[in-house]
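Each chain, letter by letter, is given below.
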Amino acid sequence: MAKPGLLEVRDLSVGYGGEAVCAPVTVGVAPGTALGLIGPNGAGKSTVLQTVVGLLPPIAGTVEFDGRPVDEREAAFRRDVATVLDDDAFFPSLTGTEHLLLTARGHGVADAEQVVAEEVEEFGLADRAHALPSALSSGQRRRLALAAAFVRPARLLVLDEPERRLDAQMRRRLAARIAAEVADGLTVVFASHDPEFLSTVARRVLVVDDDACSVVSPGDAVAALHAG
Amino acid sequence: MSGTAELTGVGVRRFTRRATARRADTSWLTLGGDVLSALTTAGVVVAVLGGAFSALRGRIAARPPAPATDLPGELTAAVAALVVAAGVVALLSRLGPLSATPAAAAWWLPLPADRRGLLRGDLQRVGAVAVVSAVVVALPVVLAAPAAPTVAEAAVTVLAAALLALTAVGVLVLLQARALTGWVAPVAGSLATAAVVVPAVLGTVGPAGPAPTWAPTAPDLPLPVLGGVPLLVAAVALLAADRVGGRVPAGALRERGTAVLVASVSALSLDTRELGRALGTPVHPPRRARRWARVRTPWQAVVAGDLAVTTRSPWRWGQLAIGTALPVLAARTDGLGGVPALVAVAVVAGWSLAAVALGEPARQAHGAPAADRLLPLGARDVVRARAVVPLAGLMVVCAVSAGLVGLGWEWAALGAATAPAWAGAAVRGGYRPELDWSGPVLSSPMGAVPTGVAVTLVRGLDLGVLGTVPLVAGLLLGAVPPLLLGVALGWSLLLGLVAVETARRTGP
């Protein structure tokens, strides 16, 4: 018998102003598994992710997290779901460490400074952790945003092209880290264009398309990515 | 990860504020100086406004014979207050009232902290802005009252306006939490348009002579009821707003916060074009797409496209109506109408508003220059073609407006003769280059003035104002001699030509 999904998406139609950007999506994500999303630019991957985490209202269909309709206004939902979408926004007068501490303390992490120090090291930001965001490179800001997802507890992690703006080494480290977290029970949903990242992390892949959205194996997805 | 108490919304705000303050270089002395400076400025503004309105009251007492109905000054002041209030309400609904900057949306809203506590600071800020706006709006109404108001009367009126503003903020937040603010800005815009157009029309078609004095008066009720009820309503609205603040979706907060950020940056950098884009309401696609069946030449394509851009937004119609009626309202107002300089100011204000509305296609073309290169038309010809719609529109606006100001066909002809200059101004303003902050700085009593920026900002308006000089001469003369009409037409055509030919620097 299949495990009940932590995230259940049924007949979800997403878009703007009532116009769907892709075919309806139906997929379930079991706890401790990772679902990848692929599709060409503009296919609707980011829109699907934003709707799944409640930032956009669905045109039709439902999204349930842990058996309840998604409502990002609920503290319980925000406690359980970490997101790193396409935001590149930071408080200009807070350092990198302060951003991470704010996130950790906001989630009631007891040993916040210790956890933040570890993630700063893990994401290669040790030298720049006390710099203001304006003094960080684009890639370093991306690392900072990603680190924020790991300084806090979460049951579901939603990432939009996490490999974006990262160097090859950091991409591999991040993929290995996420795969390890999935093995430890974290559920991950992410969009990606990187075949290596996809094959390292994903157990199943949702192909987002205009005609039909279907779930395929990572192998088939990687083949599709290589085929362009 | 072991757990401890999560930060509350207030705690998150405090953490951010303290971290920011640690590296801020603003001392209490500096803050005190800034507060003192703001209070002094406010005092000077109130004194100047009071002096101006007192002087106007004196003029009204010795008013000249009126050609049509004289609208009481206090009515026009109330219209001005209503227009500003409608503008503030529309602005608040466009920008929130509650919003989260991109940084707050990325780092605050995903936290499990109570959103109500996170947004309370924003609610307080918006409330303060509304109160200040209400005071500024209420002052002219109080000071324009036929009898000089006592300090107590002025204070009560201003307080009532402030409470009304706080109630409006509360109601807007309640609507925002239910995603129901979409109708607010269009209704406020319609109200503002009607508030300007209706008195202008009534003042023109009504019987000649002064209209009866009009002033808003408070109902004859006991003071506790009179003061207590608005206070109670405002308090209830704000408490309800605070309660539902946490129910506003993150997506809406982030979208409004981005608009606030772009608008703030644009306002600080004096980039009015970007400010307009940030505050503009999205235009909905038409039910039926245009087929352009009658378009045969590139010129017609430009004109047809411009016509679609101009007529598709209801805001443009409102701007054109206000632009037409504003000079008429000033001319019909008791006291104002007898002062040609004030009527001229209203003419320039109204017609520049109409020129801005009709310059929208040029502004959009400047933002997307590739669109201009799609047609087999030289760059200069595209700009010339882009003057057709503004010319047609301003012919109507200027002719109707001037005709009703002077109440005669010769005035309408003078207005129409001025239209080419304003059409040129619309195109020239639309193709205005980006602001140039590198120019020399001019020392002035108000501080340093960056001349490059100032020259760019008045681009368009400059030639429109010059083109209005013959009409101002007519207002001073109180008549339109045929010679003046001929001079106005020639002068306006010359300026319009210069404006269009210099609107955009073309490549080699």
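Residues numbered from 1 in each chain as written. Chains lettered and ligands numbered in written order. Predicted model: local features only at pLDDT ≥ 70, side-chain atom pairs only at ≥ 80, totals over all residues. Heavy atoms only, no water.

S.K.: Any chance you could break down the overall build of chain B for me, citing the residues and the numbers?
M.R.: A count of helices and strands for chain B gives 21 helices and four strands. When contacts within chain B are restricted to residue pairs at least 6 apart in sequence, those whose partners lie at least 24 apart make up 83%. Per element, the accessible surface of chain B, about 25,900 Å² overall, is 71% carbon and sulfur. (Helix = DSSP H or I, 4+ residues; strand = E, 2+ residues; numbered from the N terminus. Contact = heavy atoms within 4.5 Å. Areas by Shrake-Rupley, 256 points an atom, 1.4 Å probe, with all protein chains shown as cover.)

S.K.: Break down the pattern of salt bridges for me, with residues and values.
M.R.: Following the criterion strictly, the structure yields 31 salt bridges over all chains and no others. Two residues, Arg177 of chain A and Glu119 of chain A, come together in a salt bridge whose shortest N-O distance is 2.8 Å. In this pair, Arg177 of chain A sits in helix H6 (residues 168–183) while Glu119 of chain A sits in helix H4 (residues 112–122), placing the two residues 58 residues apart along the sequence. The salt bridge involving Arg177 of chain A is made with Glu122 of chain A; its shortest N-O contact spans 3.8 Å. Residue Arg177 of chain A is found in helix H6, and its partner Glu122 of chain A is found in helix H4; the two are separated by 55 residues along the sequence. Connected via shared salt-bridge partners are Asp71, Arg73 and Glu74 of chain A together with Arg247 of chain B. (Salt bridge = Lys/Arg side-chain N within 4 Å of Asp/Glu carboxyl O.)

S.K.: Can you lay out helix H8 (residues 218–227) of chain A for me, pointing to particular residues and giving the numbers?
M.R.: Each α-helix turn comprises 3.6 residues. Residues three or four places apart therefore point the same way. Residue and element names in this part refer to chain A. Listing the buried residues of H8 in full gives Pro218, Ala221 and Val222. For H8, the arc enclosing every buried residue in end-on projection is 100°, short of the 170-degree limit, so these residues lie on one face. Turning to H8, the residues buried within the fold contact strand S5 (34–38), helix H7 (195–201), strand S11 (204–207) and strand S12 (214–216). (Buried < 20%, exposed > 50% of the residue type's maximum accessible area, 1.4 Å probe, protein only. Arc of directions from axis to C-beta.)

S.K.: Give me the lowdown on the domain arrangement of chain B, citing residues and values where you can.
M.R.: Residues and elements named next belong to chain B. Domain boundaries in chain B define domain 1 (39–279) and domain 2 (298–501). Taking only C-alpha atoms into account, the centre of domain 1 sits 28 Å from that of domain 2. Taken together, the 31 residues of domain 1 in the interface contact 31 residues of domain 2. A buried area of about 2,300 Å², summed over both sides, lies between domain 1 and domain 2, and 69% of it is on carbon and sulfur atoms. Counting the contacts that link domain 1 with domain 2 gives two salt bridges. Joining domain 1 to domain 2, the criterion identifies seven residue pairs in polar contact (both at pLDDT 80 or more). For the side of domain 1 that touches domain 2, the secondary-structure elements that each account for two or more residues are helix H2 (28–61), strand S1 (69–70), helix H3 (73–95), helix H7 (184–205) and helix H10 (272–279). Of the residues assigned to the side of domain 1 that touches domain 2, the class counts are 16 nonpolar, nine polar and six charged. (Domains from an automatic or database assignment. Buried area = accessible area lost by both parts, 1.4 Å probe. Polar contact = N/O pair within 3.5 Å; in protein donor to acceptor, adjacent residues only side chain to side chain. Nonpolar A, V, L, I, M, F, W, Y, C, P; charged D, E, K, R; others polar.)

S.K.: Could you give an account of H6 of chain A, naming the residues involved and the relevant values?
M.R.: Residue and element names in this part refer to chain A. The terminal C-alpha atoms of H6, which comprises 16 residues, lie 23 Å apart, in line with the 22 Å expected from a rise of 1.5 Å per residue. Along H6, the positions that sit buried rather than exposed are Met170, Leu174, Ala175, Arg177, Ile178 and Val182. End-on, the buried residues of H6 take up no more than an arc of 165°, which puts them together on one face. Among the exposed residues of H6, those pointing more than 90 degrees away from its buried face are Gln169 and Ala183. (Expected span 1.5 Å × (residues − 1).)

S.K.: Hey, could you go over the interface of chain A and chain B for me, with residue numbers and the actual values?
M.R.: One frequently used descriptor of interface size is the decrease in accessible area upon assembly of the parts. Contact with chain A, which involves 37 residues of that partner, is made by 33 residues of chain B. A per-residue breakdown of the area chain A buries against chain B is headed by Arg73, Arg78 and Leu102 of chain A, which together make up 22% of the total. Linking chain A with chain B are five salt bridges. Ionic pairing is found between Glu74 of chain A and Arg247 of chain B, a salt bridge with its closest N-O pair at 3.6 Å. Those elements that provide at least two residues to the side of chain A that touches chain B are helix H2 (75–80), helix H3 (96–106) and helix H5 (138–148) of chain A. The element that contributes the greatest number of residues to the side of chain A that touches chain B is H3 of chain A, accounting for seven residues. For the side of chain A that touches chain B, the residue count by class is 18 nonpolar, eight polar and 11 charged.

S.K.: So what about the pairing of S5 of chain A? Which residues, and what values?
M.R.: All names here are of chain A. S5 sits mainly inside the fold: five of its five residues count as buried. Neither face of S5 is open: one carries Ala34, Gly36 and Ile38, the other Leu35 and Leu37, and all of them are buried. Where S5 meets strand S10 (residues 187–191), four bridges bridge the pair, whose relative direction is parallel. Bridge pairing in S10 places Leu35 opposite Val189. Here S5 runs beside S11; their pairing, made up of four bridges, is parallel. Residue pairing for S11: Ile38 is matched across the bridge by Val207. (Pairing = 2+ DSSP bridges.)

S.K.: Report on the sheet that holds S12 of chain A, specifying residues and quantitative values.
M.R.: Residues and elements named next belong to chain A. Overall, mixed pairing links the six strands, which are arranged S8-S9-S10-S5-S11-S12 in an open sheet. If you trace the sheet from one side to the other, it starts and ends with strand S8 (81–84) and S12, each paired once. Within this sheet the neighbouring strands show an average axis-to-axis angle of 20°, counted without direction. In terms of strand pairing, S11 meets S12 through three bridges, oriented antiparallel. Counted as the bridge partner of Val207 is Ser214 from S12. (Axes fitted to C-alpha atoms, helices over the stretch in contact; angles between N-to-C directions.)

S.K.: Please provide a residue-by-residue account of the UniProt feature "domain: ABC transporter" (unreviewed entry) in chain A, values included.
M.R.: Mapped onto this numbering, the UniProt entry gives "domain: ABC transporter" (unreviewed entry) at residues 7–227 of chain A. End C-alpha atoms of residues 7–227 of chain A are separated by 30 Å, and the span's content is 36% helix alongside 23% strand. (UniProt positions renumbered as here; feature names shortened; annotations may be inferred.)

S.K.: Quick one: what's the story with the side chain of Gln176 of chain B, residue by residue and with numbers?
M.R.: Tracing the sequence through the fold places Gln176 of chain B in helix H6 (residues 151–177). Not counting the four nearest positions on each side in its chain, Gln176 of chain B is found in contact with Gly96, Pro97, Leu98, Thr181, Val248, Leu253 and Arg256 of chain B.

S.K.: Before we move on, can you summarise the packing of H3 of chain A against helix H1 (residues 9–22) of chain B with the specific residues and values?
M.R.: Look at H3 of chain A against H1 of chain B: their axes get within 10 Å of each other, and the N-to-C directions meet at 160°. The angle between the axes of H3 of chain A and H1 of chain B places the two elements in the roughly antiparallel class. With respect to the hand of their crossing, H3 of chain A and H1 of chain B are arranged in right-handed fashion. Contact residues: Glu98, Leu101, Leu102 and Arg105 of chain A in H3 of chain A; Val12, Phe15, Thr16, Ala19 and Arg22 of chain B in H1 of chain B. For the contact of H3 of chain A with H1 of chain B, a count of residues per class yields five nonpolar, one polar and three charged. (Parallel < 35°, antiparallel > 145°, perpendicular 65-115°, else oblique. Left-handed = near helix turned anticlockwise from the far one by under 90°.)

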